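# A structural walkthrough
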Amino acid sequence: MTEKELAIKIVELTGGTENISIVRHCATRLRIIVTDKEKIDSKAIEDLDKVKGSFFNSGQYQIILGTGLVNRVYDEVVKITGDPDSGAKGEKEAAPVYGNRLQRAIRMFSDVFVPVIPVLVATGLFMGLRGLLTQEVVLNLLGMTPADIPRGLLIFTQVLTDTAFAFLPALVCWSTFRNFGGSPVIGIVLGLMLVSPSLPSAYDVGSGAAEPLVFFGFLSVSGYQGSVLPAFVTGILTSKFEKWLRRHVPDAVDLIVTPFVTLLVGSVLAMFVIGPVLHMVESGVLVLVENLLFLPLGIGGLLYGCFGQLLGIFGIHHILNFLEISMLAQDGWNYLNPIGTCGNVAQAGAVLAVALKAHSQKTKQIAYPSVLSALLGITEPAVFGVNLRFVRPFIMAMIGGGVGGFLASLLNLRATGMAITGIPGTLLYLNEQLPLYILVNIIAFIVAFVLTWFVGFNKNVEERA
């Protein structure tokens, strides 16, 4: 079945174009908001070739397709339903409201940050490769020392590793405007204003190399390099303000007045009101999370490695994107990734045990491919297709992830990027941490496998599911 044929069947089985209000996607899942969820034939969709499972969560019908394929199928679905960013979509009836306020807020957060993640993944890989190529051990193998690296080459690698985080507010503002119906180009410019070279850099102010600007005798202002929340909230408020302006400004002067007033109001809000307050909030949240992660004796890693896996089930795991992005922007390290990776690999260990012990051929057919998917960082087939269905294997995977996270925390593992785990995640540890990263994940896998084999899965468990 081609991507086009698959897209046609998905649209048909979700109730047709008239039942589809919004289509989005993340790294592995097609996310559809429908008018009437009773029209969805989920069993028929799950039986489609290349579909690894589906579920309804936080008001979205999510179809698991896997990386790469989801992008191509999304493109084909959009050709059928219409461009979600065009005015045509707005002519449809308003999408129904699903979930409580927290679920809707998290879904909104996810929709904003998912489009930004691929660039940050690429940046993390560049960081890992740069760290590998500049290691003294590697250079010695080539008969070189750090002093032998051409200055131009070092500058080029800095361009690859620093650009996305230096202009992070522009990426966040662009995506926020895009999701809230504003003009994305205004969002980009507003975000760039927050990191304008005319402002003292946040990094220079933080290191003492520069002084912030002082307004009204008490308000200190500097650039917002590496900040996420100020750009996010500014994007929401300013995009809504732009939409209000377009309804009230006469068409004859809309082209001149609306962008001018939007950028003026947005920049004043961001720099003098939203920015200073939310930057402090952002810093406080980071300090709190890092203190939890660095609880003594590896307790923080144990708790997150174990219970962090529940976030994906409730659809609130995307809230971690903000924390990971902020960590990387602040000091270049991601402390959540190595612990979260152990949870993903533990799911692979648990689902392998199920695959080997299961009597049902259908369970085996789902479980065996799910092992590889989970090891590649795509856990939805393992979690929703197998482990959560039988419950006990999922609990065993939580324990395995907790053990791996405990060790990762004790060993102070930290990644150079985000959004990739398992085997691909090794690219974020191309330094002296690599053997330890492999070790903690092997232990997480083995613990989950052994516990599932002896405690978490048997014939009775399979028959009751």
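Everything numeric here is computed off the predicted structure, so don't read it as measured data.

This brings us to the packing of helix H14 (residues 299-307) against helix H17 (residues 337-357). A pair of packed helices can be characterised by two numbers: the angle between their axes and the separation between those axes. Running from amino to carboxyl end, H14 crosses H17 at an angle of 45 degrees, the nearest separation of the two axes being 8 Å. Taken together, the axis directions place H14 and H17 in an arrangement best described as oblique. Where H14 crosses over H17, the two elements pack in a sense that is right-handed. From H14, Gly 301, Tyr 304 and Gly 305 reach across to H17, where they touch Ile 339, Gly 340 and Gly 343. Here the residues of the contact of H14 with H17 sort into two nonpolar, four polar and no charged.

What follows is about the state of the cysteines. Across all of its chains, the model carries zero disulfides by this definition. With no disulfide partner, Cys 306 has as its closest neighbouring cysteine sulfur the one in Cys 342, 12 Å distant. A residue is classified by how much of its surface remains accessible, and Cys 342, at 0% relative accessible area, is buried.

Looking now at the pairing of strand E3 (residues 53-57). For a regular strand, side chains alternate in direction, first toward one face of the sheet and then toward the other. Burial within E3 is extensive, with four of its five residues counted as buried. For E3 and strand E4 (residues 60-64), the ladder comprises five bridges, and the chain directions are antiparallel. Bridging from a neighbouring strand, Ser 54 pairs with Ile 63 of E4.

Turning to the sheet that holds E4, a few remarks are in order. One open sheet holds the four strands; their spatial order is E1-E2-E4-E3, and the pairing between them is antiparallel. Two strands bound the open sheet, and with one partner strand each, they are strand E1 (20-25) and E3. Direction aside, neighbouring strands of the sheet carry axes that sit 20 degrees apart on average.

Our next topic: helix H9 (residues 168-179). In a regular helix each residue adds 1.5 Å, so 12 residues correspond to 16 Å; H9 covers 17 Å between its end C-alpha atoms and thus fits that length. With nine of its 12 residues buried, H9 lies for the most part within the structure. The set of residues buried in H9 consists of Leu 168, Pro 169, Ala 170, Val 172, Cys 173, Ser 175, Thr 176, Phe 177 and Arg 178. One or two positions beyond H9, positive phi appears at Gly 181, with a value near 85 degrees.

So, on to the pattern of salt bridges. Taken as a whole and assessed by the stated rule, the structure comprises six salt bridges. A salt bridge links Lys 43 to Asp 47; the nearest nitrogen and oxygen atoms lie 3.4 Å apart. A residue is classified by how much of its surface remains accessible, and Asp 47, at 52% relative accessible area, is exposed. Between Glu 242 and Arg 246 there is a salt bridge, with the nearest N and O atoms lying 2.9 Å from each other. Here Glu 242 pairs with Arg 246, and both are found in helix H12 (residues 229-248), just four residues apart, close to one helical turn. Among the charged side chains, a salt-bridge network with shared partners connects Glu 242, Arg 246 and Asp 254.

The next point concerns the packing of aromatic side chains. Scanning the entire structure with this criterion turns up eight aromatic pairs. Relative to Phe 216, the ring of Phe 215 has its centre 6.4 Å away and its plane inclined at 50 degrees; by these criteria the two rings are tilted. Taken together, the ring pairs connect Phe 215, Phe 216 and Phe 272 into an aromatic cluster. Sitting over the ring of Trp 453, Lys 357 keeps its end group 5.3 Å from the ring centre.

Note on placement: Gly 312 falls in helix H15 (residues 310-313). By relative accessible area, Gly 312 is classed as partly exposed at 21%. Between the C-alpha atom of Gly 312 and that of Gly 206, which follows or precedes it by 106 residues, the distance is 35 Å.

Among the nonpolar cores identified, the biggest contains 61 residues, and Phe 113, Leu 120, Leu 168, Phe 232 and Leu 293 are the most heavily contacted of them. Of all the elements, helix H13 (residues 251-293) adds the most residues to this core, at eight residues. Once you skip the residues sitting within four places of it in the chain, Phe 232 turns out to touch Met 108, Phe 109, Val 112, Phe 113, Val 172 and Thr 176. Membership of the second largest hydrophobic core comes to 23 residues, among which are Leu 6, Val 11, Ile 40 and Val 70.

A positive phi angle, close to 80 degrees, is found at Lys 50, a residue other than glycine. Among the secondary structure elements, Lys 50 is positioned in the loop between helix H2 (42-46) and E3. Phi is positive for Phe 216, close to 60 degrees, though the residue is something other than glycine. Looking at the secondary structure, you find Phe 216 in the loop between strand E5 (213-215) and strand E6 (219-221). Looking at Phe 216, the relative accessible area reads 64%, which means it is exposed.

Once that is clear, we can look at the pairing of E1. Two elements, E1 and strand E2 (residues 29-34), share five bridges in a ladder whose sense is antiparallel. Bridged to Ile 20 within E2 is Val 34. A loop of three residues connects E1 with E2, the two strands running antiparallel in sequence.

What counts and how
- Residues numbered from 1 in each chain as written.
- Predicted model: local features only at pLDDT ≥ 70, side-chain atom pairs only at ≥ 80, totals over all residues.
- Heavy atoms only, no water.
- Axes fitted to C-alpha atoms, helices over the stretch in contact; angles between N-to-C directions.
- Helix = DSSP H or I, 4+ residues; strand = E, 2+ residues; numbered from the N terminus.
- Parallel < 35°, antiparallel > 145°, perpendicular 65-115°, else oblique.
- Left-handed = near helix turned anticlockwise from the far one by under 90°.
- Contact = heavy atoms within 4.5 Å.
- Nonpolar A, V, L, I, M, F, W, Y, C, P; charged D, E, K, R; others polar.
- Disulfide = S-S within 2.5 Å.
- Buried < 20%, exposed > 50% of the residue type's maximum accessible area, 1.4 Å probe, protein only.
- Pairing = 2+ DSSP bridges.
- Expected span 1.5 Å × (residues − 1).
- Salt bridge = Lys/Arg side-chain N within 4 Å of Asp/Glu carboxyl O.
- Phe/Tyr/Trp six-rings, centres within 6.5 Å; stacked < 30°, edge-to-face > 60°.
- Lys NZ or Arg CZ within 6 Å of the ring centre and 35° of its normal.
- Core = buried A, V, L, I, M, F, W, Y, C linked by side-chain atoms within 4.5 Å.

Taken by themselves, the reported measurements are silent on function.
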